[in-house]
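Residues per chain, in single letters:
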Number of protein chains: 2
Amino acid sequence: MGINYPSGKKYTSQSNLQPQKKLSNTYSNRGMSLETDINETNLYYLSHNLACIHKKPTPIQIVHVEYPKRSAAVIKEAYFKQASTTDYNGVYKGRYIDFEAKETNNKTSFPLQNVHLHQITHMMQVHKQDGITFVIIRFSKLNEIYFLDASHLFLFWKRYEEGGRKSISREELIEFGESIPISYQARVDYLSVVDRLYF
Amino acid sequence: MGINYPSGKKYTSQSNLQPQKKLSNTYSNRGMSLETDINETNLYYLSHNLACIHKKPTPIQIVHVEYPKRSAAVIKEAYFKQASTTDYNGVYKGRYIDFEAKETNNKTSFPLQNVHLHQITHMMQVHKQDGITFVIIRFSKLNEIYFLDASHLFLFWKRYEEGGRKSISREELIEFGESIPISYQARVDYLSVVDRLYF
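Rules used throughout
Residues numbered from 1 in each chain as written. Chains lettered and ligands numbered in written order. Predicted model: local features only at pLDDT ≥ 70, side-chain atom pairs only at ≥ 80, totals over all residues. Heavy atoms only, no water. Helix = DSSP H or I, 4+ residues; strand = E, 2+ residues; numbered from the N terminus. Expected span 1.5 Å × (residues − 1). Buried < 20%, exposed > 50% of the residue type's maximum accessible area, 1.4 Å probe, protein only. Contact = heavy atoms within 4.5 Å. Phe/Tyr/Trp six-rings, centres within 6.5 Å; stacked < 30°, edge-to-face > 60°. Lys NZ or Arg CZ within 6 Å of the ring centre and 35° of its normal. Salt bridge = Lys/Arg side-chain N within 4 Å of Asp/Glu carboxyl O.

**A look at helix H3 (residues 117-128) of chain B**
An α-helical segment advances 3.6 residues per turn. Residues three or four places apart therefore align on the same side.
Turning to step 1, where the next piece is worked out: With twelve residues, H3 of chain B extends 17 Å from end C-alpha to end C-alpha; this agrees with the ideal 16 Å at 1.5 Å per step.
Turning to step 2, where the next piece is worked out: Restricting attention to buried positions, one finds in H3 of chain B the residues His118, Gln119, Ile120, His122, Met123, Gln125 and Val126 of chain B.
Turning to step 3, where the next piece is worked out: Lining the buried residues of H3 of chain B we find helix H2 (34-47), strand E3 (52-55) and strand E6 (88-92) of chain A together with strand E5 (95-104), strand E7 (132-139) and helix H4 (150-161) of chain B.

**A look at the packing of aromatic side chains**
Turning to step 1, where the next piece is worked out: Counted according to the given criterion, the structure contains 25 aromatic pairs over all chains.
Turning to step 2, where the next piece is worked out: On the basis of an interplanar angle of 5° and a centroid distance of 4.8 Å, the ring pair of Tyr88 of chain B and Phe99 of chain B is categorised as stacked. Taken together, the positions of Tyr88 of chain B in strand E4 (residues 88-92) and Phe99 of chain B in strand E5 put the pair eleven residues apart, joining distant regions of the chain.
Turning to step 3, where the next piece is worked out: Classification of Phe99 of chain B as buried rests on a relative accessible area of 0%.
Turning to step 4, where the next piece is worked out: The rings of Tyr44, Tyr45, Tyr88, Phe99, Phe134, Phe147, Tyr190 and Tyr198 of chain A are connected pair by pair, giving a single aromatic cluster.
Turning to step 5, where the next piece is worked out: In this structure, Lys93 of chain A packs its charged tip against the face of Phe199 of chain A, placed 4.9 Å from the ring centre.

**Quick look at the environment of Ala78 of chain A**
Turning to step 1, where the next piece is worked out: With respect to the secondary-structure elements, Ala78 of chain A resides in strand E5 (residues 74-80).
Turning to step 2, where the next piece is worked out: According to the relative accessible area criterion, Ala78 of chain A is buried, its value standing at 0%.
Turning to step 3, where the next piece is worked out: Spatially, the C-alpha atoms of Ala78 of chain A and Leu191 of chain A are 36 Å apart, while their sequence positions differ by 113 residues.
Turning to step 4, where the next piece is worked out: Once residues lying within four places of it in the same chain are set aside, the contact partners of Ala78 of chain A are Ile60, Gln61, Ile62 and Val63 of chain A together with Ala73, Val74 and Ile75 of chain B.

**A closer look at the pattern of salt bridges**
All names here are of chain B.
Turning to step 1, where the next piece is worked out: Within this structure, the stated rule accounts for 20 salt bridges over all chains.
Turning to step 2, where the next piece is worked out: The partner of Asp37 in a salt bridge is Arg187, and the shortest N-O contact between them spans 2.8 Å. Of this pair, Asp37 sits in helix H2 (residues 34-47) while Arg187 sits in the loop between strand E10 (178-179) and helix H6 (190-198); the two residues are 150 residues apart in sequence, bridging distant segments of the chain. Neither residue differs from the other here; Asp37 and Arg187 are each classed as buried.
Turning to step 3, where the next piece is worked out: Residues Asp130 and Arg95 are paired through a salt bridge, measuring 4.0 Å at the closest nitrogen-oxygen approach. Taken as a pair, Asp130 in the loop between H3 and E7 and Arg95 in strand E5 lie far apart in primary sequence, 35 residues in all.
Turning to step 4, where the next piece is worked out: Assessed through its relative accessible area of 46%, Asp130 is described here as partly exposed.

From the geometry alone we can't say anything about function, so treat these as descriptive.
As structure tokens, this is what we get:
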């Protein structure tokens, strides 16, 4: 399946079903986390003027800083703070993009305990403002990556809160989500899905 | 000379400008820095479902963390990293919003040394993606706040890089920028300007 980047650049896939395995090997050999792959992807998007999307820094509560002479300030005591948003946001063709990325070692479902309430709350706020918001879920063992629009995530979350199942099955992700192509340049090419769904 | 701390520590001004006096007093009595005021404004926007805009955490390079039993992880060595973006971003009516906020104690001009090259570069990338990007400049002593679209900032920056003046005069800000109203609820009501300029 050919995908054109907004730049007009061709995305050349290695045909059919077989390459999935090869790709999978290549991928796992790289030994990269989903976060690393998404950061690389964002760098690719940025350097090709396709999008400007960044990972937010981890929020830290700084308690004590020392200022040694002739060298950089050293933070000597600090604590991790609860984030109030998702990890990634930015702009693509004028639209606001906001997402969270999650990995699981499960093979059959994605446990919702990986998602935090404050992330759902934030995504609901973004959704209200007509931003594009979604979650990227990677099944590490299967090397499958899914894109799930937040509106679906909200429903699975609601089911969970109401005492229903505590996870999203892989089948549900296949049905309600989109598979994200893994390519060499844009490793986790989620913008190809964004293009298809929102533009 | 007063300095505003992000902690919201008291800032006591020696206000003297008659026409602005009352406002200036009210403002300084609150003891708020521009950052605090913008954070409060964003909270107001968020709680009223007007926009979802947050300040990004300060990027920190963590070197050493300790994990004491029965208490939170403590960062024992870390360093401040150079940010690669501006401080604030988010979504308003589906559009991507991205800005930097700066204060000066000058009364006649805004020195461009307050802006960093990486911030300009980032704003240019946002601009290319059709995001709404601007700088909020506060003359602390005058208690005047201006909104300057990034396209104008780029031109002043270019003039500066080409050996021209190292600042933007207050007159230029009045001509090319927009005055931001200070109100009780949305203290630095920059969305009123965004509405006027981009929607």
